Amino acid sequence: SNKLMTDVLITGAGPTGLVLALWLTRLGVKVRIIDKTDGPVTTSRAMAVQARTLELYRQLGLADTVVTAGNKNPGINVWVNGKHRARVPLGSAGAHLTPYSFMLVYPQDQHERLLTERLASMGVAVERQMELVDFEDKGDRIVARIQAPGRGEVICEARYIAGCDGARSMVRTRLGAGFEGGTYKRFFYVADVEASGLARSAEAHIGIESADFVAYMSYGNGRGRLIGIVRESDTQTAESFRFEDIG
């Protein structure tokens, strides 16, 4: 059939869309979740999972699984001009506020796969290569037009539509809703690296120089995420910048 029905149509199967689908499904609300890509992301993308997110996951019975799969960074080390100056122990800082008083590092690609599998176990599959073309508010329902693989355009009628489709959201654009934010003047590089020689290598590190900033978050087995500012003299445009240019 070229006509689909549901309570809530969720566009975008990133972590936001997947968690919304999990919650609604648990509450007995019928959902369809579509994504225009042909599979989950294959790059690490976002890394840190906050305590409040884990508290939310605990209510879904997901927190223990995510904590086990991720890597706890129990402290943040501060380096100034190459010398270790301080360590902030997150465990004692948040001990009376949350059961999850640590920074959990869990790459987004692994995170999305876990959420997708949990949703599938509840009987909801992510519908891939399905792109929202447009939608219309009919008052008592939303009528959405979706480009589907091998079927051309299909119509989905839903009581609600949820735009979880990122910064260039079709839903947000169509509603005229803003996406507040700004752009840093400086360029940042982001890399997944294998690191050796770091004391407390399973923890987070922040290095502060006179004009530079470098951060490292561990996701276990000597691997981690490196984030830093690109020096202005290295490159003038993001397009021409290469990883070899980092000074």
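About the cut-offs
- For every chain, the first residue of the written sequence is number 1, and numbering continues from 1 along that sequence.
- Under the rules for a predicted model, residues below a pLDDT of 70 receive no local features and side-chain atom pairs below 80 are neither given nor counted, while totals for whole chains, interfaces and linings still include all residues.
- Side-chain measures were taken over the full set of non-hydrogen atoms in the model, leaving aside hydrogen atoms and water.
- The helix and strand labels rest on DSSP assignments: H or I over at least four residues marks a helix, E over at least two residues marks a strand, and numbering proceeds from the N terminus.
- For every residue, the accessible area obtained with a 1.4 Å probe (protein chains only) is divided by the maximum for its type, and the residue is called buried under 20%, exposed over 50%, and partly exposed between those limits.
- Note on contacts: a residue pair qualifies if any of its non-hydrogen atoms lie within 4.5 Å across the two residues.
- Throughout, the Shrake-Rupley method with a 1.4 Å probe supplies accessible areas, and for residues the shown protein chains are the sole cover considered.
- Two kinds of site are reported from a 1 Å grid over the protein atoms alone, namely cavities, where a 1.4 Å probe fits but cannot get out, and pockets, open sets with protein on both sides within 12 Å along at least five of seven lines, and residues are called lining when an atom falls within 4 Å of a point.
- Grid points are joined across faces, edges and corners, and a volume is the space filled by probe spheres set on the points.
- Among buried residues, those of type Ala, Val, Leu, Ile, Met, Phe, Trp, Tyr and Cys that are joined through side-chain atoms within 4.5 Å constitute a nonpolar core.
- A fitted line through C-alpha atoms serves as each axis, taken over the contacting stretch for helices, and the angle formed by two N-to-C directions is quoted from 0 to 180°.
- The cut-offs work like this: below 35 degrees is roughly parallel, past 145 is roughly antiparallel, 65 to 115 is roughly perpendicular, and the gaps in between are oblique.
- Helix crossings fall into two classes, left-handed where the near helix is turned counterclockwise from the far one by less than a right angle and right-handed where it is turned clockwise.
- In the scheme used here, Gly and all other residues not listed as nonpolar or charged are polar, with Ala, Val, Leu, Ile, Met, Phe, Trp, Tyr, Cys and Pro taken as nonpolar and Asp, Glu, Lys and Arg as charged.
- Salt bridges are defined as contacts in which a side-chain nitrogen from Lys or Arg sits within 4 Å of a carboxyl oxygen from Asp or Glu.
- A pair of strands is considered paired only if DSSP assigns at least 2 bridges between the two.

1. Section: the overall build of the protein
Across its full length, the protein holds 6 helices and 15 strands. In terms of principal-axis extent, the alpha carbons of the protein reach across some 65 × 45 × 30 Å. Here the protein, with 247 residues, has 40% of them falling under the buried criterion. For the protein, contacts bridging at least 24 residues in sequence account for 63% of all contacts bridging at least 6. With an accessible surface of roughly 14,300 Å², the protein has 51% of that area assigned to carbon and sulfur atoms.

2. Re the layout of surface pockets
Space inside the largest pocket adds up to approximately 630 Å³. Lining of the largest pocket is provided by 28 residues; of these, G12, D35, C164, D165 and G166 occupy positions nearest its centre. A per-element tally of the lining of the largest pocket places helix α1 (residues 15–26) first, with 3 residues. Of the volumes computed, that of the second largest pocket is approximately 260 Å³. Taken together, 15 residues make up the lining of the second largest pocket; nearest its centre are W79, I206, G207, V214 and L226. Of all elements in the fold, only β13 (204–208) and β14 (213–218) reach the threshold of two or more residues within the lining of the second largest pocket.

3. A look at the nonpolar core
Formed by 30 residues in total, the largest nonpolar core has its most connected members in I10, I33, L54, Y57 and L104. With 5 residues, α1 is the largest single contributor of residues to this core. In contact with I33, not counting residues within four places along its chain, are I10, G12, A13, G17, L18, A21, L119, V124, A125, V126 and E127. Formed by 15 residues, the second largest nonpolar core is a distinct cluster that contains M130, L132, F135 and V154.

4. So, the packing of α1 against helix α5 (residues 108–121)
At their nearest, the axes of α1 and α5 sit 10 Å apart, and the two run at 25° to each other. Looking at the two axes, α1 sits roughly parallel to α5. The two elements α1 and α5 cross, and the hand of that crossing is left-handed. Mapping the contact onto sequence places P15, L18, V19, A21, L22 and T25 in α1 and Q108, E112, L115, T116, R118 and L119 in α5. Partitioned by chemical class, the residues of the contact of α1 with α5 number 7 nonpolar, 3 polar and 2 charged.

5. Some words on the pattern of salt bridges
Under the criterion given, the structure shown has 13 salt bridges. The salt bridge partner of R145 is E153, with a shortest N-O separation of 2.9 Å. Overall, the relative accessible area of 35% leaves E153 in the partly exposed class.

6. Quick notes on the sheet that holds strand β8 (residues 127–128)
Strands sit in the order β8-β2-β1-β11-β10-β9 across an open sheet of 6 strands; the sheet is mixed. Each having just a single partner strand, β8 and β9 (131–137) make up the two edges of the open sheet. Pairing of β9 with strand β10 (residues 142–148), which is carried by 6 bridges, proceeds in the antiparallel orientation. By the bridge assignment, E131 is partnered in β10 with Q147. Along the sheet, α1 contacts β1 (3–11), β2 (31–35) and β11 (152–163); its crossing angle with β2, the most-contacted strand, is approximately 165°.

None of the figures reported here should be taken as evidence of function without further support.
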